[in-house]
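As a plain string of letters, each chain reads:
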Amino acid sequence: MNGKTEYADLTHILNPKCVAIIGASEKQGKVGQAIMQNYIDAGFAGGLYPVNISATGKIMGHQAYKSILDIGRPIDLAVISIPAPAVPKALEECGKAKVKGVVIVTAGFAEVGNVELQEQLVRIAKKYKLPVIGPNCLGVMDPRSRSDTLFLPTFKIDKPNVGGISFVSQSGSVGSSTLDLISGEGLGLARFISYGNAAVVDEVDILNFLAHDPDTKVIVFYLEGVKRGKEFIEVAKKTTKIKPIVILKGGVTESGAGAAHSHTASLAGSAQAYEAVFEQFGFTIARSLEELLYFAKVFDTQPLPKGNRVAIITNGGGHGVIATDAVYQNGLVLPELSKPTQAALRKVMPPIVNIRLPLDIGGDADGKRYSDAFELLSNDQNIDMVMAIVLFQTPGADEGVAETVAKYMAMKNKALVAVSTGGSYTKSHVAVMESQGVPVYDSPNDAAAALAALYKYAKYKMSGK
Amino acid sequence: MPRLFDYDRAQHLLAKYRIKSIESKYVSSYGDAIKFAAGKPIVLKAISGKALHKAKSGLVLLGLSSDKEITEGFRDLSKRASKFKPYKILAQRMVKEGIEIIMGGNTDPQFGKMVLLGLGGIYVETFKDFALRTCPITRSDARSMLEQLKSRKIIAPDEKSAKMLEDLLLKVSKMFAASKMQELDLNPIILHNGTYDAVDLRMLE
């Protein structure tokens, strides 16, 4: 927590056995109602305890309490959703009740100038050594534990699959919309954390937690700024040695310091400093929300390549040309196939197929031809990564091809991405490939950028910094 | 207002870290300057804490060779510098032509001391081709800074020059991190014949 080198433990916030909802209500439109409903709808298997100062009897079928101190059982997570002036007292009671973690969704603190009210929360959290996320945040979602403090109507947001991507966002709106995209794209979520004002738990704590979280394979961060620069660097340095961090930084267009006295200071503004830190410590920098997802899915599913050599297989000549350009524009190369691979391909491919990269296996290529190509390329020592272009508009491409690509998702430790450009027929096959863990992209350029990001991180990791 | 390191103090610091800078000397008369030149071309610069951008303020005169040029230059510069009192006049050897780069340091409010490498001289602000890292930097950081530059093939065309720049960058980073200065410009550093000369510098605390 702030000012100390020890980090907040978020285990009980993300994987609670017993949850108290402070401000729970049956009244439609109340945040406390939406949160209760979420826990019930998500099928949260642990204890659920509504707390409301005017409670009598039950709230949504669960015994209600006037104070968290009345529950008389150990509570892992308290979610606070009551008016801002009442929050300090509720937090104090959480401390007394020995709650292990708190999420304060309530707004109306430092973000609107109520700094003193927020300082009260910080003092209470310190006194009880309470990890507190928020205030002014969406909180957390964990599809494994089914803990979900998001107060968004469930019918408006897709439910994510369970997976390896942990998504962290200071902003609630970027958080919820991107979370919806992650779910809509069929990507697997490990943890979602929206941390708002970061009064107590900040990006440094969260990064440290996710670095050591076995369920998290890749950390995806939307960041507007950090509060503790030096500590952020320390934690980031350790984290990128273990797993990739894909980061999108908001607010990069600000210019360098205006009234600088030296050339260096006029060039090296705050945005440039962030960029430098990301570059230096092995972050993968995304330039848009789309890239955030493109990179997240390749890191989540594919092994790190040993080099920058890409084999392109395609059933469309033009796409092969575009993809070749994209590969080189991203600093990757198309190698020469090894002699044994060339000979073996010559035997199985029809005479019209030129045995060189990009390997255009023809508009009539079917599942069998893709399979032959994959089998031989996956054994070629000259190749580090494979980009499979499958255009489903062609006569040969059907579910057989989609299944073949899906089957080869693990190319004997070679990273594989697929490119399928097209409409609804294509989309249905893309879903088949993605459900098996093949990252599929609309354009060769996006696919090449994803492979380049994978290679860049692999290189950073191998450099052993 | 940040305070400019005195030129002698700055030179001393560079020497301590074995960073080569061009031979220079404060001169108090044109006679001094002529003696320093000893028949070879020199540069005259007026140094004042009130004029942080010397060239922009017209306080740099290049390529003065003959006694007449030096005498007139000294008088002219003294006149121009009179509005930036107090000032001193520095005579420097004229450097051979070469590639101009910048190395520098800045103190970021969030991340602390940072070191910069870029294409230098008059190109700094036009092309903004630079790389930045937090201090301390490792050799692989220095290498990646060089690789990040669009102009890398101009400033480090071969492995030997790349190695020389890495060594220099490591020294600059070490000096900047250890000192009280908040901002540093070594701009330009002129690269020529496999070596370099720091030609102008600005250290602010």
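Quantities reported herein were computed from a predicted structural model and do not represent experimental measurements.

As for the overall build of chain A
- Within chain A, the regular secondary structure consists of 16 helices and 19 strands.
- Here chain A has a C-alpha radius of gyration of 25 Å; the compact-globule value for 465 residues is 23 Å, and the two agree.
- For the C-alpha atoms alone, the extent of chain A along its principal axes is close to 80 × 60 × 30 Å.
- When each of the 465 residues of chain A is scored for burial, the buried share is 60%.
- Put simply, of all contacts in chain A between residues at least 6 apart along the chain, 74% involve residues at least 24 apart.
- Accessible surface for chain A amounts to roughly 18,100 Å². Of this, 54% is attributable to carbon and sulfur atoms.
- Charge-centre separation for chain A: the mean point of 47 positive side chains lies 6 Å from the mean point of 45 negative side chains.

Here we look at the sheet that holds strand β14 (residues 284-285) of chain A
Residues and elements named next belong to chain A.
- Pairing within the open sheet is mixed, and its seven strands lie in the order β9-β8-β11-β10-β12-β13-β14. For this open sheet the edge positions go to β9 (147-148) and β14, each flanked by a neighbour on one side alone.
- In the sheet, strand β13 (residues 245-249) pairs with β14 via two bridges, with the strands oriented parallel. If you follow Ile247 over to β14, its bridge partner there is Ile285.
- Packing against the sheet, helix α6 (residues 203-211) makes contact with β10 (161-169), β11 (188-194), β12 (218-223) and β13, and its axis sits at approximately 170° to β12.

Focus on the layout of surface pockets
- In this structure, the largest pocket occupies an estimated 1,100 Å³ of space.
- Taken together, 32 residues line the largest pocket, and the ones lying closest to its centre are A:Glu279, A:Ala452, A:Lys456, A:Tyr457 and A:Lys459.
- Taken together, the elements giving at least two residues each to the lining of the largest pocket come down to α9 (270-280), β14, α10 (289-301) and α16 (444-462) of chain A together with α5 (139-148) of chain B.
- With eight residues, α16(A) is the largest single contributor of residues to the lining of the largest pocket.
- Looking at the lining of the largest pocket residue by residue, the class counts come to ten nonpolar, eleven polar and eleven charged.
- Each pocket or cavity is described by its volume, and for the second largest pocket that value is around 790 Å³.
- For the lining of the second largest pocket, the elements supplying multiple residues, two or more each, are β2 (42-47), β3 (60-64), β4 (88-93), α4 (124-127), β8 (183-192) and β10 (201-204) of chain B.
- If one sorts the elements of the lining of the second largest pocket by residue count, β8(B) sits on top with four residues.
- In terms of residue class, the lining of the second largest pocket is built from twelve nonpolar, six polar and eleven charged.
- In terms of domain composition, the lining of the second largest pocket takes at least three residues from each of domain 1 (23-93) and domain 2 (99-204) of chain B.

Things to note about the interface of chain A and chain B
- At the junction of the two partners, chain A supplies 26 residues and chain B supplies 33 residues.
- Here chain A packs against chain B, burying approximately 2,300 Å² in sum over the two surfaces, 61% of which is carbon and sulfur.
- The three residues of chain A that bury the most area against chain B are A:His261, A:His263 and A:Leu267, which together make up 32% of that side's buried surface.
- Put simply, chain A and chain B have zero salt bridges between them.
- Where chain A meets chain B, there are ten residue pairs in polar contact (both at pLDDT 80 or more).
- Only α7 (229-242), α8 (263-267) and α9 of chain A provide two or more residues apiece to the side of chain A that touches chain B.
- Considering each element in turn, the side of chain A that touches chain B owes the most residues, eight residues, to α9(A).

Here we look at the pattern of salt bridges
Residues and elements named next belong to chain B.
- Throughout the structure, instances matching the rule amount to 31 salt bridges over all chains.
- Between Asp167 and Arg139 there is a salt bridge, with its nearest N and O atoms 2.5 Å apart. Pair noted here: Asp167 is in helix α7 (residues 159-178) and Arg139 is in helix α5, with a separation of 28 residues, a long-range link.
- Look at Asp167 and you get partly exposed, because its relative accessible area is 27%.
- Judged by relative accessible area, Arg139 falls into the partly exposed class, the value being 36%.
- Here Arg202 makes a salt bridge to Asp185, at a shortest N to O gap of 2.9 Å. Taken as a pair, Arg202 in strand β10 and Asp185 in strand β8 lie far apart in primary sequence, 17 residues in all. Asp185 carries the same exposure label as Arg202, and that label is buried.
- Within the structure, one salt-bridge network assembled from shared partners comprises Arg139, Arg143, Glu159, Lys163, Glu166 and Asp167.

A closer look at the state of the cysteines
- Within this structure, the stated rule accounts for zero disulfides over all chains.
- A:Cys94 provides the cysteine sulfur closest to A:Cys18, a residue in no disulfide bond, and the two sulfurs are 14 Å apart.

Description of the domain arrangement of chain A
All names here are of chain A.
- Taken as a whole, chain A is organised into domain 1 (11-299) and domain 2 (304-462).
- Each of domain 1 and domain 2 was reduced to a C-alpha centroid, and the two centroids are 38 Å apart.
- Domain 1 puts 16 residues into the contact, and the matching count from domain 2 is 15 residues.
- Across the domain 1/domain 2 interface, buried area totals approximately 1,300 Å², and carbon plus sulfur atoms make up 60% of it.
- It is Tyr294, Lys297 and Val298 that lose the most area in domain 1 upon contact with domain 2, and together they represent 38% of the buried surface on that side.
- Counting across the domain 1 and domain 2 interface gives two salt bridges.
- For the salt bridge of Glu279 with Lys456, the shortest nitrogen-to-oxygen distance reads 2.7 Å.
- For the side of domain 1 that touches domain 2, the elements supplying multiple residues, two or more each, are α7, α9 and α10.
- Examining the composition of the side of domain 1 that touches domain 2, we find that five residues originate from one element, α10, more than from any other.
- Classifying every residue of the side of domain 1 that touches domain 2 gives seven nonpolar, four polar and five charged.

Looking at the environment of A:Lys129
- As for its placement among the helices and strands, A:Lys129 is situated in the loop between α4 (115-127) and β7 (132-133).
- For the pair formed by A:Lys129 and A:Gly101, sequence separation is 28 residues and the distance between their alpha carbons is 9.4 Å.

A short note on the domain arrangement of chain B
Residues and elements named next belong to chain B.
- Splitting chain B by domain gives domain 1 (23-93) and domain 2 (99-204).
- Contact with domain 1, which involves six residues of that partner, is made by six residues of domain 2.
- The largest contributions to the domain 1 side of the interface with domain 2 come from Lys45, Leu52 and Lys54, which together make up 65% of the buried area.
- In this assembly, domain 1 and domain 2 are joined by one salt bridge.

Looking at the nonpolar core
All names here are of chain A.
- Formed by 81 residues in total, the largest nonpolar core has its most connected members in Phe295, Phe299, Phe374, Met387, Val405, Met433 and Leu451.
- If you tally residues by element for this core, the top one is α16, at ten residues.
- Composition of this core by domain shows at least three residues from each of domain 1 (11-299) and domain 2 (304-462).
- Counting residues in each nonpolar core, the second largest holds 61 residues, with Cys137, Val168, Ala273 and Tyr460 among its members.

Parameters and conventions
Position numbers for residues count from 1 along each chain, tracking the sequence in the order it is written. Whichever chain is written first becomes A and whichever ligand is written first becomes 1, with later ones labelled in order. Per-residue local features of the predicted model are confined to residues with pLDDT of at least 70, and side-chain atom pairs are confined, for both listing and counting, to 80 or more; whole-chain, interface and lining totals are unaffected and use all residues. Excluding hydrogens and water, the side-chain values take into account all heavy atoms of the structure. In this text, helices come from DSSP runs of H or I with a minimum length of four residues, and strands from runs of E with a minimum of two, each type numbered from the N-terminal end. Each radius of gyration reported is based on C-alpha atoms, and the globular scaling rule is 2.2 Å times the count of residues to the power 0.38. Each residue is assigned to one of three classes by its accessible area relative to the maximum for its type, calculated with a 1.4 Å probe on protein chains only: buried under 20%, partly exposed between the two thresholds, exposed over 50%. The contact definition used throughout considers only heavy atoms, calling two residues in contact when any of these lie within 4.5 Å. Per-residue and other accessible areas were derived by the Shrake-Rupley procedure at a 1.4 Å probe size, with only the shown protein chains allowed to occlude residues. Counted charges follow a simple rule, with Lys and Arg positive, Asp and Glu negative, and His plus the chain ends left uncounted. By convention, charge coordinates are those of NZ in Lys, CZ in Arg, CG in Asp, or CD in Glu. At least two bridges found by DSSP between two strands are what make those strands a pair. The convention used is that axes are lines fitted to C-alpha atoms, helices contributing only their stretch in contact, and that angles between N-to-C directions extend from 0 to 180 degrees. Definitions used for this entry: grid spacing 1 Å over protein atoms alone; cavity, a set of points where a 1.4 Å probe fits but cannot get out; pocket, an open set with protein on both sides within 12 Å along at least 5 of 7 lines; lining residue, one with an atom within 4 Å of a point. Grid points are joined across faces, edges and corners, and a volume is the space filled by probe spheres set on the points. The classification used treats Ala, Val, Leu, Ile, Met, Phe, Trp, Tyr, Cys and Pro as nonpolar, Asp, Glu, Lys and Arg as charged, and all other residues, Gly among them, as polar. For the domains described, the bounds stem from an automatic or database domain assignment. Here the quantity called buried area is the total loss of accessible area, with a 1.4 Å probe, experienced by two parts when brought into contact, counted for both. Definition used for salt bridges: Asp or Glu carboxyl oxygen within 4 Å of a side-chain nitrogen of Lys or Arg. In protein, a polar contact requires one atom able to donate a hydrogen and another able to accept it; more generally it is a pair of N or O atoms within 3.5 Å, and residues adjacent in sequence count only if both atoms are side-chain atoms. Cysteine sulfurs are considered disulfide-paired once they come within 2.5 Å of each other. In this description, a nonpolar core means a group of buried Ala, Val, Leu, Ile, Met, Phe, Trp, Tyr and Cys residues linked to one another through side-chain atoms lying within 4.5 Å.

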